[in-house]
Amino acid sequence: GCGGYGSSKGSDTTDTSTTTDTQGSDNSTTAKTQESTATGDPILIGALYPLTGDLADSGKNMQYGIDFAVEEINANGGIDGRPIKIIYGDTQGDGAPGMTEMERLITQEKVVAVMGAYQSGVTEVVSQVAENYQIPMITANATADSLTSHGYEYFFRLAPTNMMFIRDMFQCLVDYAGKHSNATIKTVAVCADNTELGQQTATWAKFWAEKNGMEYLGDVLYSKGAADLTSEVLQLKQLNPDALIVDNYVSDAILLTKTMNEQGYKPQIMIAKGNGYSETSYLESTGAQANGILFATEYLQGEKSQDIYDRFMQKYNVALNGHSAEAYTVVWIFKQALQNLANAGKEINSENLKTELQTIKIENSFEGGSEIILPYNTIQFTDGEFNGIQYKQTNMLGNLVVAQFQDEEIKSVWPFDEAEVEIQYPASFQ
Amino acid sequence: MENILEIKELSKNFKGLKAVSDVTFSVEKGAITGLIGSNGAGKTTTFNMISGVLVPSSGKILYNGKDITGLKPYHYTSMGIARTFQIMKPLKHMTVLDNVASGALYGRKGYQSTKQAKEYAEEILQNTGLYDKRYCLPGDMGTPFKKRLELARALATDPELLLLDEVMAGLNPTETDEAVELIRKINEDGTTILLIEHVMRAVASLCKKVVMMHHGEKITEGMPQEVMNDPYVIEIYLGKEES
Amino acid sequence: MSTFLQAGANGLMVGGIYALIGVSLTLIFGVMKIINFCQGELLMLGMYTSFVLYDQFGLDPFLAIPIVAIFMFIFGALLQFTLITRSLKDEDDDTNVLFLTVGLGILFQNLALLYFKSDYRTASSIFSDKIVSLGVITVSLPKLVSFILLIIVTALMFLLLKYTNIGKQIRATSQNKIGAEVSGIKTKSIYAATYGLGAAIAGITGACLMSFYYVFPSVGEIYGTRSFIVVTMGGLGSVVGALVSGIVLGLMETIGAVVVGSSFKDTIVFLTFICILVVKQRLKTKRG
Amino acid sequence: MKKRIGSRQILLLIMLFLVALIPMFIKTPYILSILVMTFYTASASLAWSILGGMTGQISLGHAAFMGLGAYISTLLLMNANFTPWVSIIVVFFVVGGISALLLSPCFHLRGPYFSLVTIAFGEAFRNLLTNWNYAGKGQGLLLPFGDNSLILMRFKSKAPYFYLALVMVILMYLLVKYIDQSKLGYALKTVREDEDTANAIGINPWKYKVIATFISCGLVAVCGVFYASYIRFISPDIMMQDQSVKFVLPAVIGGIGSAIGPLIGAIILTPLSEYLNATLSSIAPGANLLVYAVILIVVILFQPRGIMGWYENSKFKIKLNNWLDKLDGRKKE
Amino acid sequence: MTQKYFQVDRINVCYGDIQVLWDTEFYVDKGEIIAIVGSNGAGKSTIVKTCAGLIGIKSGSIYYNGAELAGKTSRQFIDLGVILVPEGRQLFPNMTVYENLEIGASSKEAKAKKKETVEKIFEWFPILKERKNQQAGTLSGGEQQMVAFSRGMMGLPKLLMMDEPSLGLAPNIVDNIFLITKKIAKEEGISIVLVEQDVRKALRIANRAYVLENGVVRITGTASELLSNAEVKKAYLGF
Ligand SMILES: Nc1ncnc2c1ncn2[C@@H]1O[C@H](COP(=O)(O)OP(=O)(O)OP(=O)(O)O)[C@@H](O)[C@H]1O
Ligand SMILES: Nc1ncnc2c1ncn2[C@@H]1O[C@H](COP(=O)(O)OP(=O)(O)OP(=O)(O)O)[C@@H](O)[C@H]1O
Ligand SMILES: CC(C)C[C@H](N)C(=O)O
Ligand SMILES: [Mg+2]
Ligand SMILES: [Mg+2]
């Protein structure tokens, strides 16, 4: 391509610009299966993501997920003829610009609600702003547990928290060991980056290990964006856990996998927090070396959503992954909530939307849309508590699925009743 | 007469090279003393030790009878010693006035306000013939003015003893004469001067005493006429033509 | 014990890459005194060049080295000739060059972001993912090959600077530009060529890296600072010094991580760097 | 002469007055928040310029000292209920002291070496904070929102922050300007130009670098107190090197070595980058920073002394001065 | 007007907006020594730099052996044998004396004759032979000036221009350098352009001289004429 470089994923600039257009109300005729096209006054929703900087790759994925949902919704008449329009803000992966952008979205663009902030750190900052301006905000994928423990009225979380992530990862291990006597999983260790998320993964892993009667051997935390991970792998080799728990951004995930391969380190079982491992670039870059690695994720392609997955793939040439699926879902949650308001004859404003979100309960599928593509069938923002941590307006029923790379493909392996295949054990790294 | 500066058996080695060895001489208060010698004789090195830029390998420097050997260079200003550099070091991004005001502020006058310092600096600039150029940047002036600026800045610290390193190099004979007059005037105002110079005409007309160095050693000292007529000095330094 | 041996071997391999990028900066900063804060971005451009060659023509990163080197040479030379040279005029005010190259770094990063997008991209070579075992130690083949290339490049640069005509001209120009000009050296071309050469070696480093690492627009940040550390520790202008200190840095990182834990790896590296720099300069500028 | 100063001062006061009125007319928090960030950036850049501009020690690690200030005040507030107002003083002395102590062995390093050392210190600080439990590790620290409280420097609306930032930038500007014209300023500038000369006129370069570092890092830490109170969330990421560059660029573009330079630079750059960010980044990620980089490069290539360097030599300055003089003349009648 | 061996014809030279040379002209015959004197900032260095191709000219011509040089690169000037020994020596401080000399031999011809030239130079300055493996930066000022002069000679000049060779040098060394200058002019027919502040000494070895003021040639004549010219005496020779 000469206008831009997108060969490996086929996502070139022309593609992006069409998507941008369809955010508008006027130009959504490109959508396929529409019955009626929304043409009324658009309802504005803000979306804050890292569009530049180190995390731009992930930010772009979110954008695809959101645009995809918006296109579907608007092609089907939007909310009583009013289309949804997304206004993007770029956090640059940093709190301060994120804050200013949030303010722009709220006060300049006058959005009725906001979604976003990919990273928990940035979400921490912008959720305060949303609270302050009393604008409802849903985070699709920020996972730090503390986010929802400040008692904010306007902040909602769809994503399973770190606690849930690690809980399910351990559950998967425990379930497997219970079913197969050949598997001994008595000790665990963690390899993660030395950031908020990595540190929390280590903390929760320790917690869940003890809870499940396993021994926590220790953690190896490296600086994010590592140039080299050989000594980290050596340390893991020395710890030699039965199960290795990892949490890495995609770049480090690629490097870690390659380095483990190069250093000949093959733990019996290695389970990752979705994060980098669910990105398309991960499998592309590691290929067969990824085989055997398990990862917990918020979404997997399967029976439930094959059509959406295929259409998404066709459009963007990128797989729908946990993060983009959650972003997609959040747009639909907004749509459902807005629709409910409209149906009840209530005015569409932030306050009403907040109240609606507090009570909304979505079961199985969205009105006028597909079923919930995430691995659970109910979405509801409820309050809860776990181990002393308060969770407010969090989708407590959320859970994860675990997949394994097998033959360079992603296969779901847990929960067992919905799994495509059995876990390979010991993991066959090639 | 009283000596303001006494150099005793001063030596300096650079990694085995003896740049200055066992040099002893004194500078008489109120007079102009010259330091001459062929290139690489160790004159600048001696200056650098006297002004604290270099620490002597051995030997002593007495200033007004006090041992000042090895003191840090910035202590010298308050004692009343000022110097110029052979390779000029103007403050490039500051005007001529600010260059000199800087000297005045941290010199012995002890000005606290920049306004007073600037007034004093203007006075100095007038005396050194730089007043018209006070708002110039040093880079926009020719060599003679830059040399004057070096001098003016040193003067602004209100020194008792002024060390001048080749302030006349690169000047033509007429300009040299003007510089000679300026230095004479400074001296007449009560400042003792020790100068390094290759221009014999200037040295002869200014200095009461000259010290001749060669290969790091002191060869001879005395009245300019005596030294310049010394056949050995002529052979190793002056050459035939000049005599 | 074998852990330490293995860590040492890894350190050597990682250090090889640091050394190689260090050698490239040695030419530009060490020899030519151009404070180049966009060295990491030159590396990034080299990596993308190598990636494009792989992606479009299936060229093995190692085989692509000559093309990448030539391309980066031309790019670097042009960059120097058109832009950087303008900021070098004021010889003892080098902050301009510093800021200019910071700006160029931001520019290149975002150009890459615009054109290549933010994806992580990899290329593979016939050596990729292959391992060589030497007793208890295993090293990855692409890293080993890179290391050998490093030795070759360092040796070539050493010989070039020391013995060839052009090498002498480079040294002469860096030591005295006017002197070089009146001696018939085309200093402008020499500047451009030296910068080009530095960029070319950054390109070679990039191609090597492509065989086991990945490229993304801000990849240079990781290596840019380290290249400066290597050059300053190795002694300005010494290619052999860069070689040694690159390896020392690699060893420091890997062994340091094993000894004090990975979490404090950066602290160790940076504090050691500061200490070395301070002590070195102390010794050099000691009065008398 | 006196009257000339008169009209200038009046003009400045009028301008200041107009700026101070902004929150009355512009109610959009977004605009105010951009202005707050502008003032904040200008303040940090001004603080930087004492060491970087006036003393010529190009620090690329000032974000770390800013972060240190933010951390100290936040920890004091969270654990000892210490008001940020007092923290301002504490932080100035503590961070100033720490940085002067740490950097003092490095003062004989010149040019890029000093810059490298500051980068290295910044990274080391960040790494240490990331591992320090008490400071919230990688997760950082959150200052919860609450009711308006002047004592806790906590406000719901933008306007108070706007005035706070405005006062901060004015004080910072006056201080830098004062230092620039003071005896101290002469010493700092002399040290920047030539250390041998400084020595020769009785200035101890090392001592003055220590002083400059103390003031500069202390002041940028004060900016950190503001940052923490304003953003209300801090994490080790605020100490990253590219944050430091954000403090340096306004000074470079505005003109290094003058008090007004960083101010002008920030007034131009911050709103511009916000604008570019808002308009370009979702359409063409990277294009916004690209424009930013191009501006930087163009300024450095064609006007190495920045906008103020251009102004000093421009006809505009003469015209402006003439106009002001005429204004004075008319008033006299 | 017949063209001389080396002739500078009404050149105008500027640094940016500032014009420094105004219709400046002079000529040199083969084997002749001319001196260019004048106060500081008169433009003397600018003249020789222009004649070495380091600065471009706005208008005017430089003829050498009948060929027009203006517009050629400094490298081409050097290949033709028009060589400058610049003000302030400008050596390569971290290279050995021998390497410094080697670099001076840049044209093909000079490279071919490198060995012979070096021999000749070592004959003139035996001290340099002793120091040939020493780093140039560690030499004394006088020795450095010898290297600078020799580096110029390595390029096999036909026209050698020297910018203030006496600056900061001991009197006997200046004499030595001037002596050799005279010798090469006479024995090898090399033309010399000497820019000097030490007007007295310069006029003593020069055949003719030009007095430059603010970029304009004010007075010209044979050296002895100038030495006795009252105006010159007053302005440039001092009392
Ligand atoms: N820092 C240094 N390191 C090594 N050698 C030095 C140093 N400074 C001076 N020298 C050497 O010491 C000797 C004396 O040098 P100095 O500069 O004192 O000579 P000088 O008498 O001032 O000569 P000139 O008249 O040329 O200025 C020279 O051989 C010089 O090369
Ligand atoms: N690079 C430059 N840019 C601008 N002006 C310059 C430059 N170099 C020299 N000048 C100006 O040109 C004029 C002539 O300078 P030049 O160096 O030719 O004088 P000179 O006669 O050699 O003086 P000196 O005796 O000091 O060597 C001076 O006024 C000087 O300020
Ligand atoms: C989707 C993510 C990797 C973001 C991460 N879960 C966070 O909260 O920061
Ligand atoms: Mg000397
Ligand atoms: Mg000259």
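Computed from a predicted model, the values in this text were never measured in an experiment.

K.L.:
Could you clarify how one ought to interpret the overall build of chain B in this entry?
P.N.:
Summing up its helical and strand segments, chain B has 9 helices and 10 strands in all. In terms of overall dimensions, chain B is globule-like: its C-alpha atoms have a radius of gyration of 18 Å, near the 18 Å expected for 243 residues. Projected onto the principal axes, the alpha-carbon positions of chain B cover approximately 50 × 40 × 35 Å. For chain B, buried positions account for 60% of its 243 residues. Sequence-distant contacts, at least 24 apart, represent 65% of the contacts inside chain B between residues at least 6 apart. When the accessible surface of chain B is split by element, carbon and sulfur atoms take 49% of a total near 9500 Å².

K.L.:
Teacher, can you tell me more about empty space enclosed by the protein here?
P.N.:
Think of a ball as big as a water molecule: rolled over the atoms, this probe shows where empty space is left. Residues and elements named next belong to chain A. A full pass over the atoms with the stated rule returns 11 cavities of 30 Å³ or more. Taken together, 13 residues line the second largest cavity, and the ones lying closest to its centre are Asn-141, Thr-143, Leu-197, Asn-275 and His-323. Class assignment of the residues belonging to the lining of the second largest cavity gives a composition of 4 nonpolar, 7 polar and 2 charged.

K.L.:
Is there a simple way to think about the interface of chain D and chain A in this case?
P.N.:
Quoted interface sizes are often the accessible area lost when the parts come together. Counting residues at the interface gives 35 residues for chain D and 32 residues for chain A. A buried area of about 2900 Å², summed over both sides, lies between chain D and chain A, and 53% of it is on carbon and sulfur atoms. At the boundary of chain D and chain A, one finds 1 salt bridge. Between Glu103(A) and Lys158(D) there is a salt bridge, with its nearest N and O atoms 2.2 Å apart. There are 12 residue pairs in polar contact (both at pLDDT 80 or more) connecting chain D and chain A. Elements with a minimum of two residues in the side of chain D that touches chain A: α2 (29-54), α5 (112-130), α9 (205-231), α10 (241-254), α11 (260-280) and α12 (287-302) of chain D. Top contributing element to the side of chain D that touches chain A by residue count: α2(D), with 6 residues. Tallied by class, residues from the side of chain D that touches chain A come to 16 nonpolar, 13 polar and 6 charged.

K.L.:
Sorry, what's going on with the coordination of the magnesium ion (ligand 4) here?
P.N.:
Six octahedral donors at a metal ideally form angles of 90 or 180 degrees, and four tetrahedral donors ideally form angles of 109.5 degrees. Residues and elements named next belong to chain B. For the magnesium ion (ligand 4), every protein donor is listed as Thr-44 (OG1) and Gln-86 (OE1), and the spread of their distances is 1.9 to 2.2 Å. Taken together, the residues span a long stretch of sequence, with Thr-44 in helix α1 (residues 43-50) and Gln-86 in the loop between β6 (81-83) and α3 (96-106) at a distance of 42 residues. Owing to a relative accessible area of 25%, Thr-44 belongs among the partly exposed residues under this scheme.

K.L.:
Just to check I follow, could you spell out the pairing of strand β6 (residues 82-85) of chain E for this structure?
P.N.:
A regular strand places its side chains so that they alternate between the two faces of the sheet. Residue and element names in this part refer to chain E. Residues Val-82 and Leu-84 point to one face of β6 and Ile-83 and Val-85 to the other, with burial holding for every one of them. Across 4 bridges, the pairing between β6 and strand β7 (residues 159-163) is parallel. Along β7, the bridge assignment pairs Val-85 with Met-162.

K.L.:
I keep staring at the domain arrangement of chain E and nothing clicks. Help me out?
P.N.:
Residues and elements named next belong to chain E. The domains assigned to chain E are domain 1 (1-81 + 157-171 + 190-239) and domain 2 (90-156). Taking only C-alpha atoms into account, the centre of domain 1 sits 25 Å from that of domain 2. The interface of domain 1 with domain 2 comprises 11 residues on the first partner and 11 residues on the second. When the area that domain 1 buries against domain 2 is broken down by residue, the three leading residues are Pro-157, Leu-160 and Leu-169, summing to 46%. Linking domain 1 with domain 2 are 0 salt bridges, by the criterion used here.

K.L.:
I would appreciate a short explanation of the packing of helix α9 (residues 231-238) of chain B against helix α8 (residues 171-188) of chain E in the present structure.
P.N.:
When two helices pack together, you describe them by how their axes are tilted relative to each other and by the distance separating the axes. The interhelical angle for the contact between α9(B) and α8(E), taken along N-to-C directions, is 50°, at an axis separation of 6 Å. In this view, α9(B) runs oblique relative to α8(E), as classed from their interaxial angle. Along its contact with α9(B), which presents Glu235(B), Ile236(B), Tyr237(B) and Leu238(B), the element α8(E) presents Pro171(E), Asn172(E) and Asp175(E). A per-class count over the contact of α9(B) with α8(E) returns 4 nonpolar, 1 polar and 2 charged.

K.L.:
Explain the sheet that holds strand β1 (residues 6-15) of chain E here, please?
P.N.:
Pairing between the strands of a sheet comes from backbone hydrogen bonds, and it takes one of two forms, parallel or antiparallel. Residues and elements named next belong to chain E. With respect to topology, 4 strands assemble into an open sheet ordered β2-β1-β4-β5, the strand pairing being antiparallel. The open sheet has two edge strands, β2 (18-28) and β5 (67-68), and neither has a second partner. The pairing of β1 with strand β4 (residues 59-64) spans 5 bridges and is antiparallel. When the bridges of β4 are listed, Val-8 appears paired with Ile-62.

K.L.:
When you look at the site of ligand 2 in this model, what are you seeing that I'm missing?
P.N.:
As a matter of local geometry, ligand 2 sits amid 14 residues, with Asn40(E), Gly41(E), Ser45(E), Thr46(E) and Gln197(E) nearest to it. More than a single chain frames ligand 2: its nearby residues are located in chains B and E. Backbone polar atom of Ala42(E) to an oxygen atom of ligand 2: 3.2 Å apart, as the coordinates give it. Here Glu164(E) contributes a side-chain N or O atom positioned 3.3 Å from an oxygen atom of ligand 2. Taking 630 Å² as the accessible area of ligand 2 by itself, protein coverage stands at 68%. Split into classes, the residues belonging to the shell around ligand 2 amount to 3 nonpolar, 8 polar and 3 charged.

K.L.:
Looking at this structure, I do not really get the site of ligand 3. What am I missing?
P.N.:
Residues and elements named next belong to chain A. Around ligand 3 sit Tyr-118, Gln-119, Ser-120, Asn-141, Ala-142, Thr-143, Ala-144, Leu-197, Asn-275 and His-323, and that is every residue in its neighbourhood. One of the side-chain N or O atoms of Ser-120 is found 2.2 Å from an oxygen atom in ligand 3. The contact in question runs from a nitrogen atom of ligand 3 to an N or O atom on the backbone of Asn-141, over 3.2 Å. Protein contacts shield 97% of the accessible area of ligand 3, which totals 280 Å² for the unbound molecule. Among the detected pockets, ligand 3 sits in the second largest cavity. Counted by class, the shell around ligand 3 contains 4 nonpolar, 6 polar and no charged residues.

K.L.:
Sorry if this is basic, but what is going on with the nonpolar core here?
P.N.:
Most often, soluble globular proteins have nonpolar side chains that are buried together. Membership of the largest hydrophobic core comes to 363 residues, with the highest contact counts inside it found for Tyr277(A), Tyr213(C), Tyr223(C) and Leu160(E). The element best represented in this core is α9(D), accounting for 16 residues. Dropping the residues within four chain positions of it, Tyr223(C) is found in contact with Ala227(A), Ile17(C), Tyr18(C), Leu43(C), Leu209(C) and Tyr213(C). Membership of the second largest hydrophobic core comes to 58 residues, among which are Phe68(A), Tyr316(A), Trp332(A) and Tyr376(A).

Rules used throughout
Residues numbered from 1 in each chain as written. Chains lettered and ligands numbered in written order. Predicted model: local features only at pLDDT ≥ 70, side-chain atom pairs only at ≥ 80, totals over all residues. Heavy atoms only, no water. Helix = DSSP H or I, 4+ residues; strand = E, 2+ residues; numbered from the N terminus. Rg over C-alpha atoms; globule rule 2.2 N^0.38 Å. Buried < 20%, exposed > 50% of the residue type's maximum accessible area, 1.4 Å probe, protein only. Contact = heavy atoms within 4.5 Å. Areas by Shrake-Rupley, 256 points an atom, 1.4 Å probe, with all protein chains shown as cover. 1 Å grid on protein atoms, 1.4 Å probe; cavity = no way out; pocket = protein on both sides within 12 Å on 5 of 7 lines; lining within 4 Å. Points joined across faces, edges and corners; volume = space filled by probe spheres on them. Nonpolar A, V, L, I, M, F, W, Y, C, P; charged D, E, K, R; others polar. Buried area = accessible area lost by both parts, 1.4 Å probe. Salt bridge = Lys/Arg side-chain N within 4 Å of Asp/Glu carboxyl O. Polar contact = N/O pair within 3.5 Å; in protein donor to acceptor, adjacent residues only side chain to side chain. Donors = N, O, S within 2.8 Å, 3.2 Å for Na, K, Ca; no water. Pairing = 2+ DSSP bridges. Domains from an automatic or database assignment. Axes fitted to C-alpha atoms, helices over the stretch in contact; angles between N-to-C directions. Parallel < 35°, antiparallel > 145°, perpendicular 65-115°, else oblique. Near = heavy atom within 4 Å. Sits in = over half its atoms within 2 Å of the grid points. Core = buried A, V, L, I, M, F, W, Y, C linked by side-chain atoms within 4.5 Å.

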